[in-house]
Amino acid sequence: MVSLPPRDGGTSTGITSDVTSDATSSARPSIEQVWAWLGEVPDPEIPVISLVDLGIVRGVEWTGDGDEATLVVRITPTYSGCPATQVIAGDVKDAMAAHGIPRVVIETSLSPAWTTDWLSDVGRERLRDYGIAPPGAREDVLVSLTRRGAPVATIACPRCGSSRTRLVSEFGSTPCKAHHACLECLEPFDYFKPI
Amino acid sequence: MSVVVESLLRLGDNGLILSHRLSEVVGKQPILEEELASANVALDLLGQSRLWLALAGEIEGEGRDADALAFFRDVRAFRNALLVEQPNGDFAFQVARQFFFDAWHHLVLRGLTRVTDHRVRDIATKASKEVAYHVRRSGDWVVRLGDGTDESHQRMQTAVNELWPYVDELFMDDETDVAAHAAGVGVLHAPLKAAWDTLVQDTLAAATLTVPPASKWPQRGGKQGRHGEHLGYVLADLQYLQRAYPGQSW
């Protein structure tokens, strides 16, 4: 199973050059090609980033040959109760069907658990452009609770860049985001929580 | 029923019932931010519950999936602690219930990330990251309300006092807990009490609240299936659709 994101060295695509001459696999687009296509499927809740940029596609492989060839896409959920999970499975199947892959199986894998460390650099930039502060370093939030008054990481405003911001609520419009406000430009904004 | 299944039902039912209680207050919260927070915490707990119940059904091997376990068991078959079925009072009451549970839940999940059964470990690892944010929110609200106005302080103290008798059950280990621990799928809860006490005492102190004395009549029995009258009403609401129209799906 190939589980590296496509940007990790040498896996960028050439649409036609990837087709091999092997008779049994000639009908199957290459794994690299599939990664590129998956990289065009937007996250249903934050459509400026793709499923690949979000880091939830953990593996892609072919099983079976010829007409029986089936594409297996392994996806890990962001949050246990994220309602987008089922939408994502449907979107992946639709996108693959549009590229001529009719047989797709979505496997859900819990381990290793998804972390915001897997967000790509491109994804982080796109989040910021979209008005969502990208996730910072992970911290032990239970410990930070007992260290009341200790300095907390500053979240820069994605609109004006000021670091004079405050936390409004640990939960924003989706489970993955917290709600912050900028004290400089006075705009509210979402912060993609490190997890 | 095997101790493994029994132990997983306890985890799943806590999440399911508290999630339902939280969903009851969506649309009624004092501020918009808490509407979102309550709904999001409910969603996390429901998602986690689904994972635990699915695993319980799979190990049981009698063809029951998470939905069957959620919708087609009666009160006596539920294994949640009494704390989580307590009805929503005012906002301070919800905050106290949530904080007591979150602090315990996080410690339990952390313990479960180290058990030998990898399926339990995988779910716990994922859930513990989510629950860390639950503790931070509920602990923060305890302080904001306790160290707030005279009115909010008094309501927060009342809520803490009223829910205190339901805390002890969380840390009482029975034969199922001991066997689940030995089987590598569960943790012992009594050893977690010291860490819980520290977290709760620190938070109550920061909130200028008084830690109640040890409860003379601690309430228990939920995780053995002996519930208060409240759970029946929860299930009447939660299970209505599937009971009236079995097998309906979206």
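Residues numbered from 1 in each chain as written. Chains lettered and ligands numbered in written order. Predicted model: local features only at pLDDT ≥ 70, side-chain atom pairs only at ≥ 80, totals over all residues. Heavy atoms only, no water.

An unreviewed UniProt entry annotates chain B as Phenylacetate-CoA oxygenase subunit PaaI of Gemmatimonas aurantiaca.

Per an unreviewed UniProt entry, the recorded name for chain A is Phenylacetate-CoA oxygenase subunit PaaJ, and the organism is Gemmatimonas aurantiaca.

Caption draft 1: Here's a closer look at the overall build of chain A. Broken down by element type, chain A carries five helices and seven strands. Ordering the α and β elements of chain A from the N terminus gives α-α-β-β-α-β-α-β-α-β-β-β. Taken across its 195 residues, chain A has 48% of its residues classed as buried. Restricting the contact set of chain A to residue pairs at least 6 apart, pairs at least 24 apart contribute 55%. A total accessible area of about 9,400 Å² is found for chain A, and carbon and sulfur atoms account for 51% of it. (Helix = DSSP H or I, 4+ residues; strand = E, 2+ residues; numbered from the N terminus. Buried < 20%, exposed > 50% of the residue type's maximum accessible area, 1.4 Å probe, protein only. Contact = heavy atoms within 4.5 Å. Areas by Shrake-Rupley, 256 points an atom, 1.4 Å probe, with all protein chains shown as cover.)

Caption draft 2: Spotlight on the interface of chain B and chain A. Every contact between the two is made by 35 residues of chain B and, on the other side, 33 residues of chain A. Contact with chain A buries surface across chain B, with B:Lys126, B:Tyr133 and B:Arg136 losing the most and accounting together for 27% of the total. Linking chain B with chain A are one salt bridge, by the criterion used here. Across the pair B:Arg136 and A:Glu170 runs a salt bridge, and its minimum N-O distance is 2.8 Å. At the boundary of chain B and chain A, one finds eight residue pairs in polar contact (both at pLDDT 80 or more). Elements that contribute at least two residues to the side of chain B that touches chain A include exactly helix H2 (32-60), helix H5 (91-112), helix H6 (118-146) and helix H9 (193-206) of chain B. A per-element tally of the side of chain B that touches chain A places H6(B) first, with 16 residues. (Buried area = accessible area lost by both parts, 1.4 Å probe. Salt bridge = Lys/Arg side-chain N within 4 Å of Asp/Glu carboxyl O. Polar contact = N/O pair within 3.5 Å; in protein donor to acceptor, adjacent residues only side chain to side chain.)

Caption draft 3: Representation of the UniProt feature "domain: MIP18 family-like" (unreviewed entry) in chain A in the model. In the numbering used here, UniProt assigns the "domain: MIP18 family-like" (unreviewed entry) feature to residues 32-98 of chain A. Secondary structure content for residues 32-98 of chain A is 39% helix and 19% strand, while the C-alpha to C-alpha distance between its ends is 17 Å. (UniProt positions renumbered as here; feature names shortened; annotations may be inferred.)

Caption draft 4: Local environment of the sheet that holds strand S6 (residues 177-182) of chain A. Residues and elements named next belong to chain A. Pairing is mixed in the open sheet, where four strands are placed in the order S4-S7-S6-S5. Pairing within the sheet leaves two strands with one partner each, and these edge strands are strand S4 (132-133) and strand S5 (165-169). With two bridges joining them, S4 and strand S7 (residues 188-192) adopt parallel strand pairing. Counted as the bridge partner of Ile 132 is Asp 190 from S7. (Pairing = 2+ DSSP bridges.)

Caption draft 5: The domain arrangement of chain A, seen in detail. All names here are of chain A. Structurally, chain A comprises domain 1 (15-108) and domain 2 (131-192). Each partner contributes residues to the interface: domain 1 has four residues there, and domain 2 has six residues. At the boundary of domain 1 with domain 2, total buried surface from both sides reaches about 460 Å², with 82% on carbon and sulfur atoms. Together, Glu 45, Ile 46 and Tyr 79 form the three largest contributors to the area buried by domain 1 at its contact with domain 2, with a combined 78%. The interface formed by domain 1 and domain 2 contains zero salt bridges. (Domains from an automatic or database assignment.)

Caption draft 6: Region of the structure containing the environment of B:Leu46. All names here are of chain B. On the secondary structure map, Leu 46 appears in helix H2. Residue classification places Leu 46 among the partly exposed residues on the basis of a relative accessible area of 40%. Between the alpha carbons of Leu 46 and Ser 19 there is a distance of 5.8 Å; along the sequence they are 27 residues apart. Leave out the neighbours within four places in its chain, and Leu 46 touches Leu 16 and Ser 19.

Caption draft 7: Main features of the pairing of S7(A). Within S7(A), four of the five residues are buried, leaving the element largely enclosed by the surrounding structure. Once S6(A) ends, the chain turns through five residues before running back antiparallel as S7(A), passing A:Leu186 with a positive phi of about 70 degrees.

Caption draft 8: A look at a nonpolar patch on the surface. Among the surface-exposed residues, B:Tyr240, B:Leu241 and B:Tyr245 lie close enough to one another that they form a single nonpolar patch of about 350 Å² accessible area. Tracing the backbone shows B:Leu241 in helix H11 (residues 240-244). (Patch = residues over 30% accessible without salt bridge, like charges linked within 9 Å, V, L, I, M, F, W, Y side chains within 5 Å.)

Caption draft 9: Representation of the sheet that holds strand S2 (residues 70-75) of chain A within the structure. Residue and element names in this part refer to chain A. Here we have three strands laid out as an open sheet, ordered S1-S2-S3, and mixed in their pairing. Two strands close off the open sheet at either side, each with one partner strand: strand S1 (57-63) and strand S3 (104-108). On average, each strand axis in the sheet is inclined to that of its neighbour by 20 degrees, with strand direction left out of account. The sheet contact formed by S1 and S2 spans six bridges and is antiparallel. Looking across to S2, one finds that Gly 59 is bridged to Arg 74. (Axes fitted to C-alpha atoms, helices over the stretch in contact; angles between N-to-C directions.)

Caption draft 10: Inspection of helix H3 (residues 84-98) of chain A at higher detail. Residues and elements named next belong to chain A. The first and last C-alpha atoms of H3 sit 21 Å apart over 15 residues, in line with the 21 Å expected at 1.5 Å per residue. Within H3 the residues assigned to the buried category are Ala 84, Ile 88, Ala 89, Val 92, Ala 95 and Met 96. In an axial view of H3, the angular spread of the buried residues amounts to 145 degrees, which keeps them on one side of the axis. Away from the buried face of H3 by more than 90 degrees, exposed residues Gln 86, Asp 94 and Ala 98 are located. A positive backbone phi angle near 85 degrees is found at Gly 100, which sits one or two residues after H3. (Expected span 1.5 Å × (residues − 1). Arc of directions from axis to C-beta.)

Caption draft 11: Structural context of the pattern of salt bridges. Counted by the stated rule, this structure contains 21 salt bridges over all chains. One salt bridge in this structure joins A:Glu184 and A:Arg164, with 3.1 Å as the shortest N-O distance. One end of the pair, A:Glu184, is in the loop between S6 and S7; the other, A:Arg164, is in the loop between helix H5 (141-146) and S5, with 20 residues separating them in the sequence. A residue is classified by how much of its surface remains accessible, and A:Arg164, at 45% relative accessible area, is partly exposed. Between B:Arg10 and B:Asp177 there is a salt bridge, and its shortest N-O distance comes to 3.1 Å.

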